[in-house]
Number of protein chains: 2
Amino acid sequence: MNFTIQNVSIATDDDYVTVDVQVIDGTIAKVAPHLEVVGSAVNGENKLLLPGFVNAHTHSSEMWQRGAIPPLPLELWLAELYDFAPLDTEKVYLTALSTAVETLLSGGTSVVDHLILIPGQELETIATAVRAYREVGIRAFVAPLIQDESLTAGIPSGETEQTHDPYFRSTTATLELIEEAVRQFHRPDEGMNILVAPTGIQLCSDALFEGCSELSDRYNLCRHSHLLETKAQEKLAREKYGCTAVEHLKRIGYLDYRTTLAHCVHLTDDDIAILAKTKSTVVHNPLSNLRLGSGIAPILKYRQAGVNVSFGCDGASSNDSQDLLEAIKIGSILHNVTDLDYQHWITPRQSVEMASLGGAKGLNVADTLGAIAVGKKADLVLYDLTSLSLLPRTDPIGLLILGRPTNVVHSIWVNGKQIVADGQVTNINVEELRQQLFNHSQWHANRKSQTVAQIEAHYRAVMGL
Amino acid sequence: MNFTIQNVSIATDDDYVTVDVQVIDGTIAKVAPHLEVVGSAVNGENKLLLPGFVNAHTHSSEMWQRGAIPPLPLELWLAELYDFAPLDTEKVYLTALSTAVETLLSGGTSVVDHLILIPGQELETIATAVRAYREVGIRAFVAPLIQDESLTAGIPSGETEQTHDPYFRSTTATLELIEEAVRQFHRPDEGMNILVAPTGIQLCSDALFEGCSELSDRYNLCRHSHLLETKAQEKLAREKYGCTAVEHLKRIGYLDYRTTLAHCVHLTDDDIAILAKTKSTVVHNPLSNLRLGSGIAPILKYRQAGVNVSFGCDGASSNDSQDLLEAIKIGSILHNVTDLDYQHWITPRQSVEMASLGGAKGLNVADTLGAIAVGKKADLVLYDLTSLSLLPRTDPIGLLILGRPTNVVHSIWVNGKQIVADGQVTNINVEELRQQLFNHSQWHANRKSQTVAQIEAHYRAVMGL
């Protein structure tokens, strides 16, 4: 499995050099011009080699509803999502494959799947996603989405008295489930990781967060949650805790250097200081935040405060794609309208670093991933710079990040194993996958969600609409 | 050239129907199920037919610098652009072709090229772009970019005394040039239109605007300008006119039902009422507005005020792509963060209408273009709904607008002539174009603009940075 990429462009601090890159036993062994060829030779001419990006937050099975949910804010959108989510493991399998394929073909080598679990088939759901990611060969961080409160508890009560059905599974049973998943599937050396992933303050008790922290400490697991995605959640946190959600999560010990927090749209300056101090990572999902009208996360402020930021696509019914390059582009240029001083704006090279090293930091693997350097694992993406969408030739990283690259990923290696060659995913039959996705679905328009009809009036009242 | 598309999905008000579409002599003759085949038969199964979109504002030759310009606001970005713009007609030709190709392959059948003219070779530049668009077969609206003040006049003076070099060509000579272009190239029946296109209030005298209005009236030409793209321009208008730019343009008679205005980011409520009253069209260029930090145009307000809105990619060095579906997606979901009430948000079907009929209205061709209806010209795009990026099957328009469709355009007809077949542009050799774009360019990083160095301190002072 050793190989040497010859005459390939890599980025230096502010320029490019042409080098050879030698990979031995899954690790980058040498980076220099004119190396001897070890293993197979790969032609890197007119190509750019970058460390693989991390799709740092998604929900793979949402792909079954991409394009289907009308423009709605998160709280009503969720009701739509769950009204029409009759999943089975076959469907989970297909969209995990598809999420992996779209992530790879847009420069990602790692995916964090905040995996929606089929009630009553939780371990089977996890096993299915694990199987799909292993088949494709992408590095996977499977984060089973757990909660211990029922959906309506996620909307602030405002001035009204609200009661909510108890959640169908106890906190203890949920934590046992996750521990069992860790035992069965957590194999970091094989590129397969299980995370503790309470969905967020809107649907989780302190006991669940604390149980997850305990598991995280015991098994050295990363922690993953949604955080303050919407104004409604900001309101809810005040109702629940009498302080901000970040203050509360810090108090109960959930925030640390292994914690990645999706969205982080509605944070105070004090909250930002807490994220910096605890070394928590923000996962920016710009397309989802726009699509759901959640707001613009203050990413430039995070960067100025020293908070690590990475990018995610979010689930494909709030985006509605898994194109990581699109998320990186929009997540970079979006913030130029939030600060008149262009010296604070994110440069394309910074975007690349956020998407690769930033992603690795959040997942506690920055020592081994996220850069092209001797001793790092070979999670590498080779881009074809002769693609029409990357021409005329100018600055390759500028073209890749600010353009709309299509069909540009030539080859990918994860842990030194090639899983994309000549633009094609090698380990699975994508044509067969396409046919299966077609067969398992039906076109439609005009779906009506019963739950939205039930909760919309309350939502509008509480949000002052 | 007659043809019948069989068993194709088209959108009704809120659903889809499967029909046949008969096109005779470039015009839609019948739309109904089970028609007899007239001319050649086209298989529309598992495909969606939409009216072609309008790429309603771009500058084709900017493609030579896509990916190259660092994150800068418009005024400094422009200095970069012009420092490195040694164009020749060969280059103009290649990027007009490439702009047409990227527009087509993202659903566009019309392009408005606010064409940067090579000094001293103005008519040759126009002739070159006209030739390129005729070769591809796209419907073209060539809008030669004119001004009669020099570049530095576009930055507000603030408290300082500023003098500017006179522009190298007189207002009269510029107007004569445009009139000559109209005589030589304006052939609406052949899909080739010339527009009057003073760049904007920042670099044009009243005499130039008035001369353009006069030409527009005399030859029934559309009018095209930038308008209030940046805060600096808002400031400049106050300095120049003592009122808003919109008030001034109304006073001098430039605004009418044939006027399309690119950007419109910084308008007052009174300005919006003037656009509605004069029936002017806003061209929304969301990606450029983000990239240059210009701001978020108040598109939901425009729609509520009854102002017609269409979409543009803007030139490829401020985007840095010509993917119209990307501009439509971002230009639709971006505004969800500007208004908490989701009932005002743009739906995917509304996006389609803005991009097709909205574009046609602004170009004064809504009677013949912008919809699939009997009697309309056949500017049609057939999308392959079995593409991986449009699966699983849900709502086709939702998938197309909110997703990240790639390789989905199957066929395109403009005026009934097929110019894309099976995903390939038919009239030119795209592989040869790709090779030419490669040969005429060189990778680089770290360009330094002398003009930016000269004007940056003044810009920062005036903008309070």
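Residue numbers restart at each chain and count upward from 1, following the sequence in its written direction. Think of it this way: whatever chain is written first is A, whatever ligand is written first is 1, and the rest follow in order. Per-residue local features of the predicted model are confined to residues with pLDDT of at least 70, and side-chain atom pairs are confined, for both listing and counting, to 80 or more; whole-chain, interface and lining totals are unaffected and use all residues. Heavy atoms throughout the structure, all of them, feed into the side-chain values; hydrogens and water do not.

**What about the domain arrangement of chain A?**
Residues and elements named next belong to chain A. Here is the rule: Residue ranges for the domains originate in an automatic or database domain assignment. Buried area, as used here, totals the accessible surface that two parts lose on assembly, with accessibility defined by a 1.4 Å probe and the loss added over both. The term salt bridge refers to a side-chain nitrogen of Lys or Arg lying within 4 Å of a carboxyl oxygen of Asp or Glu. In protein, a polar contact means a hydrogen-donor-capable atom and an acceptor-capable atom, both N or O and within 3.5 Å, with residues adjacent in sequence counting only if both atoms are side-chain atoms; elsewhere, any N or O pair within 3.5 Å suffices. We count a stretch as a helix when DSSP gives it H or I for four or more residues in a row; a strand needs E for two or more, and each element gets its number in order from the N terminus. In this count, Pro and Cys sit with the nonpolar residues alongside Ala, Val, Leu, Ile, Met, Phe, Trp and Tyr, while Asp, Glu, Lys and Arg are called charged and the others, Gly among them, polar.
Along its sequence, chain A is organised into domain 1 (2-50 + 372-430) and domain 2 (52-363). If you average the C-alpha positions of domain 1 and of domain 2, the two centres end up 29 Å apart. Interface area lost by domain 1 to domain 2 is led by Ile401, Arg404 and Ile428, which between them contribute 25%. Across the contact surface, domain 1 and domain 2 share two salt bridges. With a closest N to O distance of 3.5 Å, aspartate 323 and arginine 404 form a salt bridge. Counting the contacts that link domain 1 with domain 2 gives ten residue pairs in polar contact (both at pLDDT 80 or more). Sorting the residues of the side of domain 1 that touches domain 2 by element identifies strand E14 (380-384), helix H13 (396-402), strand E15 (409-414) and strand E16 (417-421) as the ones contributing at least two each. Of the residues that constitute the side of domain 1 that touches domain 2, the class distribution is 20 nonpolar, six polar and seven charged.

**Here we look at the pattern of salt bridges**
Residue and element names in this part refer to chain A. Selection rule: Each residue is assigned to one of three classes by its accessible area relative to the maximum for its type, calculated with a 1.4 Å probe on protein chains only: buried under 20%, partly exposed between the two thresholds, exposed over 50%.
Here the structure, examined in full by the defined rule, presents 44 salt bridges over all chains. The partner of lysine 240 in a salt bridge is glutamate 149, and the shortest N-O contact between them spans 3.3 Å. Of the two residues, lysine 240 is situated in helix H6 (residues 231-241) and glutamate 149 in the loop between strand E8 (139-144) and helix H4 (171-185); the sequence distance between them amounts to 91 residues. Its relative accessible area of 34% is what places lysine 240 among the partly exposed residues. The structure contains a network of salt bridges with shared partners spanning Glu179, Glu180, Arg183, Glu214 and Arg218.

**A word on the packing of aromatic side chains**
Short version of the rule: Pairing of aromatic rings covers Phe, Tyr and Trp, the last counted by its six-membered ring, and requires centre-to-centre distances within 6.5 Å; plane angles under 30 degrees mean stacked, over 60 mean edge-to-face, and any other angle means tilted. Should the NZ of a Lys or the CZ of an Arg lie within 6 Å of a ring centre and within 35 degrees of the ring normal, that charge is described as sitting over the ring.
All told, the structure shown has twelve aromatic pairs over all chains when counted by the stated rule. Here the aromatic rings of A:Phe3 and A:Trp413 are separated by 4.7 Å at their centres, their planes lie at 15 degrees, and the arrangement is stacked. Of this pair, A:Phe3 sits in strand E1 (residues 3-11) while A:Trp413 sits in strand E15; the two residues are 410 residues apart in sequence, bridging distant segments of the chain. A:Trp413 shares its class with A:Phe3; the two are buried. Through pairs of rings, three or more aromatic residues link up here, namely A:Tyr342, A:Trp345 and B:Tyr459. Taking NZ or CZ as reference, A:Lys91 lies 4.8 Å from the ring centre of A:Trp64, over its face.

**Focus on the side chain of B:Glu122**
Mapped onto the elements, B:Glu122 comes out in helix H3 (residues 122-136). A relative accessible area of 9% means that B:Glu122 is categorised as buried.

**Here's the deal with unusual backbone geometry**
Most peptide bonds adopt trans geometry, and most residues besides glycine take a negative phi value. Omega for the peptide link from A:Asn319 to A:Asp320 comes to 5 degrees, which places this bond in the cis form. Relative to the helices and strands, A:Asp320 resides in the loop between strand E13 (308-311) and helix H11 (324-333). In the segment running from B:Leu391 into B:Pro392, the intervening peptide bond is cis, with an omega of -5 degrees. Checked against the element boundaries, B:Pro392 lands in the loop between strand E14 (380-384) and helix H13 (396-402).

**Quick look at the pairing of E14(B)**
Residues and elements named next belong to chain B. Going by this rule: Criterion used throughout: strands pair if DSSP finds at least two bridges between them.
Counting buried positions along E14 yields four of five residues, so the element is predominantly enclosed. Strand direction decides the pairing type here: strand E5 (residues 47-51) and E14, joined by five bridges, are antiparallel. Pairing of leucine 48 across the sheet is with tyrosine 383, part of E14. Strand direction decides the pairing type here: E14 and strand E15 (residues 409-414), joined by four bridges, are antiparallel. Following the sheet pairing, tyrosine 383 is matched in E15 by valine 409.

**Overview of the relation of the copies chain B and chain A**
Note the cut-off: Least-squares superposition of the copies uses the C-alpha atoms of those residues scoring a pLDDT of at least 70 in each of them. The contact criterion used throughout is that any non-hydrogen atoms of two residues lie within 4.5 Å.
Once turned by 180 degrees and shifted 0.0 Å along the axis, chain B lies on chain A with an RMSD of 0.0 Å. As the rotation angle and translation indicate, the two copies are arranged about a two-fold axis. Minimal C-alpha distance to the rotation axis in chain B is attained by B:Thr406, lying at 3.5 Å. An overlap of 99% is found between the interface residues of chain B and their copies at the interface of chain A, pointing to a shared contact surface.

**Regarding the sheet that holds strand E12 (residues 281-284) of chain A**
All names here are of chain A. Note the cut-off: Lines fitted to C-alpha atoms define the axes, with helix axes restricted to the stretch in contact, and inter-axis angles between N-to-C directions lie between 0 and 180 degrees.
Strands sit in the order E10-E11-E12-E13 across an open sheet of four strands; the sheet is parallel. Here the strands that pair on one side only, and so sit at the sheet edges, are strand E10 (223-227) and E13. The average angle at which neighbouring strand axes cross in this sheet is 30 degrees, direction not considered. Relative to E12, strand E11 (residues 259-263) runs parallel, the two being bridged by three bridges. Bridged to threonine 260 within E12 is threonine 281. Taken strand by strand, helix H12 (residues 348-362) contacts E11, E12 and E13, and its axis lies near 105 degrees from that of E13.

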